[in-house]
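Examining the three-dimensional arrangement
Spelled out, the chains give:
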Amino acid sequence: MGEDLSNGWNAVADAFAARRAAHPIGRSVVRDWAASLPAGGSIVDVGAGSGEPLAAALVADGFGLWAIDAAPAMVAAFRRHLPDVPVRCEAAERSDFFGRSFDGALAVGLVFLLPADTQRVLIPALARALKPGGRLLFSAPASSCVWDDLMTGRRSRSLGEAAYGRLLAEAGLDLVATPVDDGGNHYFAARKGRG
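About the criteria used
- Residues numbered from 1 in each chain as written.
- Predicted model: local features only at pLDDT ≥ 70, side-chain atom pairs only at ≥ 80, totals over all residues.
- Heavy atoms only, no water.
- Helix = DSSP H or I, 4+ residues; strand = E, 2+ residues; numbered from the N terminus.
- Polar contact = N/O pair within 3.5 Å; in protein donor to acceptor, adjacent residues only side chain to side chain.
- Contact = heavy atoms within 4.5 Å.
- Pairing = 2+ DSSP bridges.
- Axes fitted to C-alpha atoms, helices over the stretch in contact; angles between N-to-C directions.
- Buried < 20%, exposed > 50% of the residue type's maximum accessible area, 1.4 Å probe, protein only.
- Arc of directions from axis to C-beta.
- Phe/Tyr/Trp six-rings, centres within 6.5 Å; stacked < 30°, edge-to-face > 60°.
- Lys NZ or Arg CZ within 6 Å of the ring centre and 35° of its normal.
- Right-handed = clockwise from strand over helix to strand, strands pointing away.

1. As for the side chain of S158
Here S158 shows up in strand β7 (residues 155-158). Polar contacts involving the side chain of S158 include one to the main-chain amide nitrogen of G160, which spans 3.1 Å. Discounting chain neighbours no more than four positions away, the residues touching S158 are A140, P141, S143, S144, C145, W147 and Y164.

Right under this line is the structure:
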């Protein structure tokens with residue numbers, strides 16, 4: 001059996017997609033963030049899952065969307081929900097992000113699932129995928145912590161706000177906000193310099 005690049009999410013994709021579609025937590029934070037992008041701007045949704053509710057909201061709001069998820073079952077569900085959105089089945093840290101640059105990059109519920117070293121690779125890669133002035137939004141607990149994910153049983157880890165701030169700065173991004181959604185989930189919103 002090959003390496004599971006989805007970190008256990010392919011095995012629980014159906015249960016997760018059903019749960020996520022029923023609970024639109026985070027949608028208002030994502031829409032507020034997207035309002036800072038150019039109207040109709042381009043967004044890459046990394047760790048897009050089934051597309052519900054976040055990708056669907058961005059498409060409904062008129063943004064051009066591209067999506068990436070490492071779980072084949074999630075990608076299949078995404079294609080059923082949003083058949084006109086380009087989606088790739090690949091690990092975020094190995095992606096070339098469609099060989100293009102975006103106005104925004106979104107990674108909700110992904111970064112903290114990855115090993116610390118992989119997070120340190122992914123954040124600069126997301127920064128490189130942004131156009132000058134582009135915006136990044138990702139979720140992770142504000143405190144440095146480690147826990148076992150309830151759905152997959154796999155280890156999750158947040159590097160914490162100070163470490164994420166350093167990683168963003170090293171990648172040429174300015175941390176501009178740290179919103180919290182109605183479910184208590186913490187986000188990091190950053191902007192790429194124009195120079």
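Once you've had a look at it, read on.
2. With respect to the sheet that holds strand β1 (residues 42-46)
Pairing is mixed in the open sheet, where 7 strands are placed in the order β3-β2-β1-β4-β5-β9-β8. Unpaired on one side and paired on the other, β3 (87-89) and β8 (173-177) mark the two borders of the sheet. Averaged over all neighbouring strand pairs, the angle between strand axes comes to 20°, with direction disregarded. Direction of pairing for strand β5 (residues 130-139) relative to strand β9 (residues 187-192): antiparallel, over a ladder of 5 bridges. Looking at β9, one finds that F138 is bridged to F188.

3. Some points on helix α2 (residues 27-34)
For α2, the set of buried residues is V29, V30, W33 and A34. Looking straight down α2, one finds its buried side chains confined to an arc of 130°; they lie on one side. Those residues of α2 hidden inside the fold are in contact with β1, α3 (54-60), β4 (102-107), β5 and β9.

4. As for the environment of V29
Structurally, V29 is set in helix α2. Along the primary structure V29 and L137 are separated by 108 residues, whereas in three dimensions their C-alpha atoms are 9.4 Å apart. Sequence-distant contacts of V29, that is, excluding residues within four places in its chain, are made with L137, P179, V180, D181 and Y187.

5. What about the packing of aromatic side chains?
For the structure on display, the rule yields 5 aromatic pairs. Among the aromatic residues, those joined into a ring-pair cluster are F138, Y164 and F188. A cation over an aromatic ring shows up here: R100 above the ring of W66, its NZ or CZ 4.0 Å from the ring centre.

6. So, the pairing of β1
Counting buried positions over the 5 residues of β1 gives 5, a clear majority of the element. The alternating pattern of β1 places S42, V44 and V46 on one face and I43 and D45 on the opposite face, and all of these are buried. Of the pairings in the sheet, the one linking β1 to strand β2 (residues 64-69) comprises 5 bridges and is parallel in character. Directly across from V44, in β2, lies its bridge partner W66. A crossover connection joins β1 to the parallel β2 through α3; in handedness this β-α-β unit is right-handed.

7. Some points on unusual backbone geometry
Comment: phi is negative for the bulk of residues other than glycine, and the bulk of peptide bonds are trans. The omega angle of the peptide bond from E52 to P53 is 0°, so this bond is cis rather than trans. Looking at where P53 falls in the secondary structure, it is placed in the loop between β1 and α3. The phi dihedral of F97 falls on the positive side, at around 50°, and the residue is not glycine. Looking at the element boundaries, F97 is found in the loop between β3 and β4. F97 sits in the buried class, given a relative accessible area of 4%. Non-glycine residue F98 carries a positive phi angle of around 65°. Counting through the fold element by element, F98 comes out in the loop between β3 and β4.

8. Quick look at the environment of K192
The residue K192 is located in strand β9 in this model. For K192, a relative accessible area of 18% gives the class buried. For the pair K192 and A169, spaced 23 residues apart in sequence, the C-alpha to C-alpha distance is 9.3 Å. The contact partners of K192, leaving out residues within four places of it in the chain, are A127, R128, L130, K131, P132, G133, G134, G172 and L173. At 2.8 Å, the side chain of K192 forms a polar contact with the backbone oxygen of L130.

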